[in-house]
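# Notes for the structure review
Each chain, letter by letter, is given below.
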Amino acid sequence: MTPQAFSVIADLVKARSGMILGPDKTYLLETRLSPLLRSENLPSLDALAARLREPRSEALAAKVVEALTINETFFFRDIKPFNHFRDVTLPALLASRPPGSTIRIWSAAASTGQEAYSIAMILSDAAPRLAGRRFEILGTDISRDVLEKARAGLYSQFEVQRGVPITALVKHFKKEGENWRINEALRQMVTFREWNLLDDPRPLGVFDVIFCRNVLIYFDTATKKNVLDALLRQLAEDGTLYLGGAETVLGLTDRLKPLAPGTGAYGRTGAKILPLMKSTNVAEASSTERREVSMTRSGRVGAS
């Protein structure tokens, strides 16, 4: 692939998604775009770049961005943010939001839905404490294909064994052949919508909690600042923003501060820092229990 062809594709992806592709990502283009080359009968990435320069290439451009968007995710990924949400953020919301109110949570890079459904499992387990409060979970992503999978809530054995404890598997999933489907009650708790983080999020409304994890690392500094500013506009004054473990707001904004080390939780500057409390439930199951997730509903356990 020529440098010119690489620039065409990289510039397209940055403009559409904010994702930065450096010269060291040639392998990523070759791996992710090979199926698209075959389906479009194109002999090379250079030919793809030439096609993208042509008028009426919008549909092809959308397919390129879809193929290159990073969609790595799994249930209860990096467990500490979910523990913090369950033990600190959720009790604080229940104390500050009266019964009958609606609490809104945004999974801003939902991918195939594991993060949003992990949140739903925590809320389902906490149902006796919710006291009539209504929760809305919105999952958004730029990729239409991954959102279809998220809506279906159907996951392979490999996908559920990455983070789902046995107790949660039995409680919140149903076995379908070789796969596992999220129970209807949890699927009803989450709405999935196609959305680009580079767009103005004001139509989505205000959220009490925003999860935007492992996304900023793919953006340049200017895009990171713009995305954080947009998220802050949609975050309630006492709301909590969760970022990925490798992400920071240092040098990007002075309006956010960490709430608890290692959790990725941020609140507005001046907000009270709450202590991390201890409890045990689905988001805190032992690593041993997670490795045994191949247990079927009949009680049989296999190595995984």
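See the structure shown above.
Now for a description of the structure that goes with this document. Predicted model, so just to flag it, every value in this text is computed and none were measured. (Residues numbered from 1 in each chain as written. Predicted model: local features only at pLDDT ≥ 70, side-chain atom pairs only at ≥ 80, totals over all residues. Heavy atoms only, no water.)

## A short note on the sheet that holds strand β5 (residues 179-182)
- With antiparallel pairing, the three strands of this open sheet are ordered in space as β3-β5-β4. Edge positions in the sheet fall to β3 (154-156) and β4 (173-176), since each of these pairs with one other strand and no more. Averaged over all pairs of adjacent strands, the angle between strand axes in this sheet comes to 35 degrees, irrespective of strand direction.
- Where β3 meets β5, three bridges bridge the pair, whose relative direction is antiparallel. Its bridge partner lying in β5, S156 is registered against N179. (Pairing = 2+ DSSP bridges. Helix = DSSP H or I, 4+ residues; strand = E, 2+ residues; numbered from the N terminus. Axes fitted to C-alpha atoms, helices over the stretch in contact; angles between N-to-C directions.)

## Examining helix α2 (residues 26-39)
- With 14 residues, α2 ought to run about 20 Å at 1.5 Å a step, and its terminal C-alpha atoms sit 20 Å apart, in line with that.
- The inward-facing, buried residues of α2 abut α1 (3-17), α3 (45-52) and α4 (58-68).
- Backbone geometry just downstream of α2 places N41 in the positive-phi region, at approximately 55 degrees. (Expected span 1.5 Å × (residues − 1). Contact = heavy atoms within 4.5 Å.)

## A few points about the pairing of strand β2 (residues 134-141)
- The buried fraction of β2 amounts to six of the eight residues, a majority that puts the element mostly inside the structure.
- By the bridge criterion, six bridges tie strand β1 (residues 102-107) to β2 in an arrangement that is parallel. By the bridge assignment, I103 is partnered in β2 with F135.
- Remark: the β1/helix α6 (residues 114-125)/β2 crossover connection has right-handed handedness.
- Note that β2 and strand β6 (residues 190-194) share five bridges and pair parallel. Residue pairing across strands places L138 opposite T191, the latter belonging to β6. (Buried < 20%, exposed > 50% of the residue type's maximum accessible area, 1.4 Å probe, protein only. Right-handed = clockwise from strand over helix to strand, strands pointing away.)

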